[in-house]
Amino acid sequence: MAERRTRDLVATTLVGTLVVPYVAVVAGKEVLLADDLRAMSALALMLGGSALVMLADDQYNGAISWLTTLLSVAATTSGLLALALADTSAAELLLTVFVGLVMTIWAVQLVEHRHLRAVSGGRGVLRSG
């Protein structure tokens, strides 16, 4: 469980590191490494993708796992489209969808991990279906 807590902390740091420059770029500010939507999309994919990897749990399955998998696919798709279409008007919306989905997955996973620790008394729990 200590490894899970460490991974959750790293994921939280990555999500925070994603949200701060995203808000600045959307507000029209220049940020180191993210001075336009293309650069911000690339940075968001790196940070958001890393956060999703840190949150991934292969030992748990069930409805939450399926939900986060579907949301992860949607997030990755919107992030890649935001990068590919960075010169269009759709890029900011796609980037917003990506960041929103990453934050949603992060929140759902943290609640799930907290719930599993509470149910198991701090020990790992393997759930089915």
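The structure presented is a predicted model; accordingly, all values stated were derived computationally and were not measured. (Residues numbered from 1 in each chain as written. Predicted model: local features only at pLDDT ≥ 70, side-chain atom pairs only at ≥ 80, totals over all residues. Heavy atoms only, no water.)

**Q** Got a minute to help me understand the nonpolar core in this structure?
**A** Core analysis: the largest hydrophobic core is formed by 25 residues, its most contacted members being L18, M40, A44, L95, F98, V99 and I105. Non-local contacts of L95, meaning those with residues more than four positions away in its chain, are made with Y22, L37, M40, S41, A44 and A82. (Core = buried A, V, L, I, M, F, W, Y, C linked by side-chain atoms within 4.5 Å. Buried < 20%, exposed > 50% of the residue type's maximum accessible area, 1.4 Å probe, protein only. Contact = heavy atoms within 4.5 Å.)

**Q** Hey, could you run me through the pattern of salt bridges in this one?
**A** Two side chains bearing opposite charge may form a pair once their charged atoms approach each other closely. A full pass over the atoms with the stated rule returns three salt bridges. Among the ionic pairs, D8 bridges to R4, the shortest N-O distance being 3.3 Å. One end of the pair is D8 and the other is R4, both in helix α1 (residues 2-26) and four residues apart, which spans about a single turn. As far as the burial class goes, D8 and R4 line up, both buried. A salt bridge links R38 to D87; its shortest N-O distance comes to 2.9 Å. A residue pair is termed long-range when its members are at least 10 positions apart, and R38 in helix α2 (residues 37-55) and D87 in the loop between α3 (63-84) and α4 (90-120) qualify at 49 residues. (Salt bridge = Lys/Arg side-chain N within 4 Å of Asp/Glu carboxyl O. Helix = DSSP H or I, 4+ residues; strand = E, 2+ residues; numbered from the N terminus.)

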